[in-house]
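Observations on the three-dimensional arrangement
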Amino acid sequence: MIKVGVGGRHKETKTPVGVAGYLDNCTNSGYLKKSFFDDPRISELREMGLSRHWVDIAESIGFDSFIVVWQKLSDHDDTRSSKCSIYVPRFAGWIKYQRNRVIISLRSSGFSYSDIQDQIKVDLGERVSVSHIKRIVALKK
């Protein structure tokens, strides 16, 4: 029902058939569909010959964020020539660290070693031996 009138003088009327949704001038929201791939600055990265994996990173995080990361890496104290190389640790190392934190948290919550083993298998799809879980817990102490 649509209320017509102002203040306390509202009258209820039926909703007109076929009237719903957004106004015509709001339906063309092409600007909302733009992505990082549409950014011409990313195309310039390709044109300058930047490696594909760097362009992929720029497409993933956006040009502005990529430029900040690139500049920080490039200005790092360890870079002494026009080409710099910086060690990038494997992402799997972070995943392993997070898994170990879960193990420690479960143990401090009172879970048994075998319960932790089962939980890691269910939640992360990873098999971890009870002896390994004990080593992880022991390292935290």
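Now for a quick tour of the structure. The structure presented is a predicted model; accordingly, all values stated were derived computationally and were not measured.

Packing of helix α2 (residues 52-61) against helix α3 (residues 63-74) brings their axes to within 7 Å, and their N-to-C directions diverge by 130 degrees. Relative to α3, α2 is oriented oblique. Counting all contacts with α2, which are made through Trp54, Ile57, Ala58 and Ile61, the residues of α3 involved are Phe63, Ser65, Phe66, Val69 and Leu73. A class-by-class count of the residues in the contact of α2 with α3 yields 8 nonpolar, 1 polar and no charged.

Once that is clear, we can look at the pattern of salt bridges. Side-chain pairs of opposite charge can arise whenever the charged atoms involved come near each other. Enumeration according to the criterion identifies 6 salt bridges in this entry. Between Glu59 and Arg46 there is a salt bridge, with the nearest N and O atoms lying 2.3 Å from each other. Of the two residues, Glu59 is situated in helix α2 and Arg46 in helix α1 (residues 40-47); the sequence distance between them amounts to 13 residues. When its relative accessible area of 9% is taken as the criterion, Glu59 is described as buried. For Arg46, a relative accessible area of 35% translates into the label partly exposed. With a shortest N-O distance of 2.6 Å, Asp56 and Arg52 are connected by a salt bridge. Separated by 4 residues within a single helix, Asp56 and Arg52 lie in helix α2, roughly one turn from each other. Each of Arg46, Arg52, Asp56 and Glu59 takes part in one network of salt bridges that share partners.

Our next topic: the nonpolar core. Counting residues in each nonpolar core, the largest one holds 8 residues, listed as Ile103, Leu106, Ile116, Ile120, Val128, Ile133, Ile136 and Val137. Sorting the residues of this core by element identifies α4 (91-108), α5 (113-124) and α6 (130-140) as the ones contributing at least two each. Examining the composition of this core, we find that 3 residues originate from one element, α6, more than from any other. Once residues within four sequence positions are removed from consideration, Val137 is found in contact with Ile103, Arg107 and Tyr113. Within the second largest apolar cluster, 7 residues are counted, among which are Leu45, Val55, Ala58 and Phe66.

This paragraph deals with a nonpolar patch on the surface. Side chains of Phe91, Trp94, Ile95 and Tyr97 sit close together on the surface and give an oily, nonpolar patch of about 480 Å² of accessible area. With respect to the helices, strands and loops of the structure, Phe91 is situated in helix α4. Given a relative accessible area of 58%, Phe91 falls into the exposed group.

A separate point is the side chain of Asp39. Tracing the backbone shows Asp39 in the loop between β2 (11-13) and α1. A distance of 2.8 Å separates polar atoms of two side chains, one belonging to Asp39 and the other to Arg41.

Here the structure, examined in full by the defined rule, presents 3 aromatic pairs. Ring geometry for Phe66 and Trp70: centres 5.4 Å apart, planes at 40 degrees, overall tilted. One end of the pair is Phe66 and the other is Trp70, both in helix α3 and 4 residues apart, which spans about a single turn. The exposure class of Phe66 is buried, given its relative accessible area of 1%. With a centroid separation of 5.5 Å and an interplanar angle of 35 degrees, the aromatic rings of Phe91 and Trp94 are classed as tilted. Residue Phe91 and its partner Trp94 are located together in helix α4, separated by 3 residues, close to a single helical turn. An aromatic cluster is built from Trp54, Phe66 and Trp70, whose rings are joined through pairwise contacts.

The rules we used
Residues numbered from 1 in each chain as written. Predicted model: local features only at pLDDT ≥ 70, side-chain atom pairs only at ≥ 80, totals over all residues. Heavy atoms only, no water. Axes fitted to C-alpha atoms, helices over the stretch in contact; angles between N-to-C directions. Helix = DSSP H or I, 4+ residues; strand = E, 2+ residues; numbered from the N terminus. Parallel < 35°, antiparallel > 145°, perpendicular 65-115°, else oblique. Contact = heavy atoms within 4.5 Å. Nonpolar A, V, L, I, M, F, W, Y, C, P; charged D, E, K, R; others polar. Salt bridge = Lys/Arg side-chain N within 4 Å of Asp/Glu carboxyl O. Buried < 20%, exposed > 50% of the residue type's maximum accessible area, 1.4 Å probe, protein only. Core = buried A, V, L, I, M, F, W, Y, C linked by side-chain atoms within 4.5 Å. Patch = residues over 30% accessible without salt bridge, like charges linked within 9 Å, V, L, I, M, F, W, Y side chains within 5 Å. Areas by Shrake-Rupley, 256 points an atom, 1.4 Å probe, with all protein chains shown as cover. Polar contact = N/O pair within 3.5 Å; in protein donor to acceptor, adjacent residues only side chain to side chain. Phe/Tyr/Trp six-rings, centres within 6.5 Å; stacked < 30°, edge-to-face > 60°.

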